[in-house]
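Chain by chain, the residues run as shown.
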Amino acid sequence: MHLILSPFAAAPSSVPLRVFFASSCGAAPCRVCARGLGQQEVAAGTKTGPERLRHHPRVPGAAGMAQQRRVHLCTQRPTSTVCVLGTELSLDVLGSAPKDAVAFHVQGTPGVKVYVVHETQSVKLPSSVGRWPLAPSTEVLVTMEALSKDVGDEKVRISYFGEASGVPVGRAMLYLTCVDISLDADTSRSGSVGRTLVDKATWTWGPDGHGAILLVNCDRDDPKSGVMDNSDTAVRSYEDLKDMSQMVLRTRGPRTIFTGHRLVLHVDFGEADKVGVFYGGNSVSLEEYKHVLGGEKLAYAVKPSRHQEESIFFVEGLSFPDASFSGLVSFHVTLLESPEKGLLEIPIFTDTVVFRVAPWIMTPNTLAPLEVFVCSVKDNEDFVAAVSALAEEAKCPVTICPLLENRNDRWIQDEVEFGYVQAPHKTFPVVFDSPRDLGLKDFPVKSILGPDFGYVARDVQKDASSLDSFGNLEVSPPVTVGGKEYPLGRILIGSSFPRFGGRRMARAVRDFLFAQRVQAPVELYSDWLHVGHVDEFLSFVPAPDRKGFRLLLASPSACYQLFKEKQEQGFGEAAMFQGLQAVPKPTINEILANEVLRKFNSYVQNCISWNRDILKRELGLAEQDIIDIPQLFQGNEQARANAFFPDMVNMLVLGRHLGIPKPFGPLVSGQCCLEERVRALLEPLGLSCTFINDYYSYHVLSGEVHCGTNVRRKPFAFKWWRMVL
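The text that follows walks through the structure, step by step, so that each part is easy to find. The model shown is predicted, which means the values in this text are computed figures rather than measured ones.

## Some words on the nonpolar core
- Membership of the largest hydrophobic core comes to 84 residues, with the highest contact counts inside it found for I181, F331, L513 and W720.
- With six residues, the top contributor of residues to this core is strand β20 (residues 346–357).
- With near-sequence residues (within four places) excluded, F331 lies in contact with L183, M247, H266, V267, V275, V277, L293, V315, D351, T352, V353 and F355.
- Ranked by size, the runner-up nonpolar core spans 67 residues in total, among them Y525, V583, V604 and I629.

## Re the sheet that holds strand β32 (residues 538–542)
- Ordered in space as β32-β33-β34, the three strands form an open sheet in which the pairing is mixed. The sheet is open, and its two borders are formed by β32 and β34 (626–630), each paired with just one other strand. Each strand axis lies, on average, 30° off the axis of its neighbour in the sheet, ignoring direction.
- With five bridges connecting them, β32 and strand β33 (residues 549–555) associate as antiparallel partners.

## Overview of the environment of A515
- Relative to the helices and strands, A515 is located in helix α6 (residues 507–515).
- Sequence spacing of A515 and P359 is 156 residues, and the spatial spacing of their C-alpha atoms is 8.3 Å.
- What A515 contacts, discounting residues up to four positions off in sequence, is P321, D322 and A323.

## Description of empty space enclosed by the protein
- Overall, the coordinates contain four cavities of 30 Å³ or more when judged by the stated rule.
- In this structure, the largest cavity spans a volume of roughly 150 Å³.
- Contributing to the lining of the largest cavity are 16 residues, with T363, N365, E417, H706 and R713 lying nearest its centre.
- Mapped by element, the contributors of at least two residues to the lining of the largest cavity are β24 (416–423), β27 (473–475), β37 (652–654) and β42 (709–713).
- Top element by residues in the lining of the largest cavity is β42. It accounts for four residues.
- When the residues that make up the lining of the largest cavity are grouped by side-chain class, the tally is seven nonpolar, six polar and three charged.

## Section: the packing of helix α7 (residues 556–568) against helix α9 (residues 595–619)
- Taken N-terminus to C-terminus, the directions of α7 and α9 make an angle of 135°; their axes are 8 Å apart at the nearest point. On the basis of the axis angle, α7 is oblique to α9. Across the interface between the two elements, P556, S557 and Y560 from α7 touch L597, R598, N601, V604, Q605 and I608 from α9.
- Looking at the contact of α7 with α9 residue by residue, the class counts come to five nonpolar, three polar and one charged.

Cut-off values and rules
- Residues numbered from 1 in each chain as written.
- Predicted model: local features only at pLDDT ≥ 70, side-chain atom pairs only at ≥ 80, totals over all residues.
- Heavy atoms only, no water.
- Core = buried A, V, L, I, M, F, W, Y, C linked by side-chain atoms within 4.5 Å.
- Buried < 20%, exposed > 50% of the residue type's maximum accessible area, 1.4 Å probe, protein only.
- Helix = DSSP H or I, 4+ residues; strand = E, 2+ residues; numbered from the N terminus.
- Contact = heavy atoms within 4.5 Å.
- Pairing = 2+ DSSP bridges.
- Axes fitted to C-alpha atoms, helices over the stretch in contact; angles between N-to-C directions.
- 1 Å grid on protein atoms, 1.4 Å probe; cavity = no way out; pocket = protein on both sides within 12 Å on 5 of 7 lines; lining within 4 Å.
- Points joined across faces, edges and corners; volume = space filled by probe spheres on them.
- Nonpolar A, V, L, I, M, F, W, Y, C, P; charged D, E, K, R; others polar.
- Parallel < 35°, antiparallel > 145°, perpendicular 65-115°, else oblique.

Put into structure tokens, the structure is as follows:
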């Protein structure tokens, strides 16, 4: 026997003392345990519960708190049970004690570590005493550190003694079998599954965080399949398996022990419809992979192989985080012990691993373009050619959606938003389909969804408004606000002031965006616009200095200032819209003299200034981070705003190459003064400005270049799980 004594053993009786007794072989007590437990494991004081033995991680109850199970003993017959590696058993020595017993003695075979925890007001034990008083405060804990070779090959014996008896009044024998059961996933986020010391049952954010990650399997790896991969319960290709996260069940120890015990893999009821689990046994054949968990299947009985210690399960996400789903899913493996015939099985061990479903992530203008999308309709051949030429200059491929697929719907920015999902083992793009459902409604599913290209949408209960189109969905570049970092930027959506009849983005879409968490949305005021989209008054362009970008804001004030400047230079009679047929051509003098137009643009400027203040506050911007782009607006019959001339902030950004709506401004010395001013503002940042004529094909239909194009961009280099939330 080994007795670990405190240096305070001779302290006055008023000082409470906790003594821990470690037994491994029945030898006589010594000052320091031969297994290396030092004096620090015995602490003077009255602390109880999880803090006991906190100095030594191998001691039961230490930091990390090993899973503990209560075991009832019997003096009438031996008790047999399983001890899972890394857990501890708490022996009920008091409950099994004979009537006259007042003390006990405990011994274990070499493969067992036994600890006696005893608390009293004053403890001073001679080194020759190996009995412990039977008291509610006395606890016997058992652990094992090596796997059993045979069933019941280790044991613990409890001997009970009466008041003055030197002969035991009873004995309880416990036969132990040590096995290893572990449910593991890529909790270290390395891209492969390994066993770690981190708490698998928790999920934490940040650069030092831990926890497994799950992708929503929302692509369609088999082109012949009529549904998305997360809509069926079949594995149709090996590429489908690569989208899933591995979960490994490890079982070691005497294989015959599992004959009388059952292993069950299970998922919580409230999360079962969010995941699917597939298992192929020892086979590599796709036909052998069966859907074993998820949906209505809450549990699966695992039969450990006699020849393999690992069972590999493949897990897919079915749903993105949303208002009713945090994104966290817990899987458990439970070992069930079979009692006497006719009784239900008893759980004796559970291991848990937690996954978080990866969020959908938007990409800002400052990320490199990978693919440009534009629609070909009956009257925009020149526009498509201009966009294609710009994309070629930016060395970016172009996908043209033909008339047959777009059904004369040119507003591809409003129909979809491109983003991506990412786990340590896999990243793929995902297109978010807006609720607008006009001519392009089938394009995302029929032409974009495919192998390693996912799809997500949200059902809107009521008719979608214009604010549900994705021209009203933008994202900023990465920002830091008051010390809080947003390394993936912040989503920007347009809404209305709180007033009767104002338009807002549908709750289903808003809830989805907010639930992704990694790009905390900011609501702006856009209901003053006829179409109501944030891309009508703002854009972001890359910059080589400061925060790495500039925010561009449409500015009536800047436009009036420019026109006043040109008037004072003697160009008051310079007219707009030169070269356009059947379009009035007001001069600078006429525009400056138009009080109705001036008053309306004063109102518009106030609306934009309100948003400017929000953006400065929520994105941590200074005035030096903002560039005012000259722009005028005019009111319609509902007093909402349309662009007076092509809206230049509504641009296509392809790296340093900008496709800007051609404004057809007043010609000064043969040059459009609006174009010249924009070049002067943007070209010093290393940007190349190309002005694209979209007047008849988009502008007169209340849209511009950005509305008529879309871009899939390179994902962020920053990994979302490293965020500090």
